[in-house]
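One letter stands for each residue in the lines below.
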Amino acid sequence: MATTDQVQEYRPLPGQLAGIKARNLIGRVAIVSGASHGIGRCVALHLAQHGAAVVVNYFHSPHEAETVSQTIRSFGVEVLPVCADIGDEQTTQQMVNEVIEEFGRVDILVNNAGVNRDAFFHKMTRQAWDEVLKINLTGVFNLTRAIINPMRQRGYGRMINIASVVGQCGNIGQANYAAAKSAIFGLTKSLALENATRGITVNAVAPGFIETRATRTIPETVREDILSRIPLGRFGRPEEVAHLVGYLAGEHAQYITGQVIAINGGLYM
C-alpha cells in the first residue's frame, strides 16, 4: 500500500538524468501535499529536478520539510514550504492564496497527503474513521476545490491523486483507508469529465507496497507472504512512483485523463 513515511535518500532511477538536464517542467508551479517525507518527498524532488517550482506542503514535520526544500534549492528552482492542515478548508484556502500570490498560478497539483488508523472494522472507532476520511478524502476535496477555479480560468492544469492498491482490492484492518482511497477513483473520473474542455487532466496513481520506513518494519514472515503475492517479487521504490507522477504532470501525458494507473508489481491486476 502507499505510505507517506520518510525515505532516507532520493535516488534517481536508472536512465534518469541526475544532473538537471531534462527540465521538461520549466515554468510550471506544483503543489505536493504531504511532501516532507515518503512518496510525497520523492515526488516533490522529481518535479523540481525537472524544472518545476514546488510548494512543499507539510503539517507535522517542519524539519523534514526544510530538508526537502534545501535539496530543491540546490536544483536551482524555486521552492515554498507551507505548513497547512489540508483537512481544514480555511487553512487550505489560505495556503493556495499564498501560493498564487507568490507564483501567480498553480499548474500541477499532487494530492498525496494521507494517514492510516488501522483496526479491524468491528473494533474501529468513529475517531479512527473520521481522521482517515478527513485527510485522505476531504483533504483532497479541500485542496482541489481551492485550486480548480484558477486552473479553469487559465485553461490549464495537471492533477494527480495518489490512491492505493488497497482502494482496489481492500485490506484487512483498513476499511477506513480502503473506503477513502476507493472514493478517490470516482472523484478522479468525475473531475476529469468536468474539466477536460478546460485543458485540465485528472488522473490517479495507485501504488502497491512501496519501500518506506513503515514497510521496512513489517515482520519478516508477513513481508515474505506479501512478496509471494507480488509477481515481480519485490516492493516498489518511492522514486518509481515519483517518475510516474512526473510523466502524468508533463506534456507527453496530455492525452491521458480519468485514468487509475496501478504501480504495484502485479499485486493486483
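Above this text is the structure in question.
Within each chain, residues carry numbers counting from 1 in the order of the written sequence. The predicted nature of this model means local features are confined to residues of pLDDT at least 70 and side-chain atom pairs, given and counted, to a pLDDT of 80 or more, with totals for whole chains, interfaces and linings taken over all residues. Side-chain metrics rest on all non-hydrogen atoms present in the structure, leaving aside hydrogens and water.

Chemist: Would you explain the nonpolar core in this entry?
Modeler: One broad trend across soluble globular proteins is that nonpolar side chains are buried collectively. For the purposes of this section, nonpolar cores are sets of buried Ala, Val, Leu, Ile, Met, Phe, Trp, Tyr and Cys residues that join through side-chain atoms within 4.5 Å. For every residue, the accessible area obtained with a 1.4 Å probe (protein chains only) is divided by the maximum for its type, and the residue is called buried under 20%, exposed over 50%, and partly exposed between those limits. Ranked by size, the top nonpolar core spans 34 residues in total, and within it Leu 47, Ile 72, Val 110 and Ile 160 carry the most contacts. Helix and strand definitions here come from DSSP, where helices need a minimum of 4 consecutive H or I residues and strands a minimum of 2 consecutive E residues; each element is numbered from the N-terminal end. Secondary structure elements with two or more residues in this core: β1 (29–32), α1 (38–49), β2 (53–58), α2 (62–74), β4 (108–111), β5 (157–162) and α9 (238–249). Per-element accounting of this core gives the leading share, seven residues, to α1. The contact criterion used throughout is that any non-hydrogen atoms of two residues lie within 4.5 Å. Residues in contact with Ile 72, not counting those within four places in the same chain, are Ala 44, Leu 45, Ala 48, Val 54, Val 56, Val 77, Glu 78 and Val 79.

Chemist: Would you mind showing me how to read the packing of aromatic side chains here?
Modeler: Centre-to-centre distance and the angle between the planes together describe a pair of aromatic rings. Stacked, tilted and edge-to-face pairs are distinguished by plane angle, under 30 degrees for stacked and over 60 for edge-to-face with tilted covering the rest, among Phe, Tyr and Trp rings (Trp via its six-membered ring) whose centres lie within 6.5 Å. In this structure the tally under the stated criterion is one aromatic pair. In our convention, an over-ring charge means Lys NZ or Arg CZ found within 6 Å of a ring centre and within 35 degrees of that ring's normal. The ring centre of Tyr 156 lies 4.0 Å from the NZ or CZ of Arg 28, which sits over that ring. Cation over ring: Arg 223 sits above Phe 235, and NZ or CZ is 4.4 Å from the ring centre.

Chemist: Looking at this structure, how should I read the pairing of β4?
Modeler: Along any regular strand, the residues point their side chains to alternate faces of the sheet. Burial along β4 is two-sided: the face carrying Ile 108 and Val 110 and the face carrying Leu 109 and Asn 111 are both buried. At least two DSSP bridges between two strands are required for those strands to pair. Pairing of β1 with β4, which is carried by three bridges, proceeds in the parallel orientation. Counted as the bridge partner of Val 32 is Val 110 from β4. Here β4 pairs with β5 via four bridges, running parallel. Residue pairing for β5: Asn 111 is matched across the bridge by Asn 161. A crossover counts as right-handed when, viewed with the strands pointing away from the observer, the path leading from the first strand over the helix to the second turns clockwise. Remark: the β4/helix α4 (residues 126–154)/β5 crossover connection has right-handed handedness.

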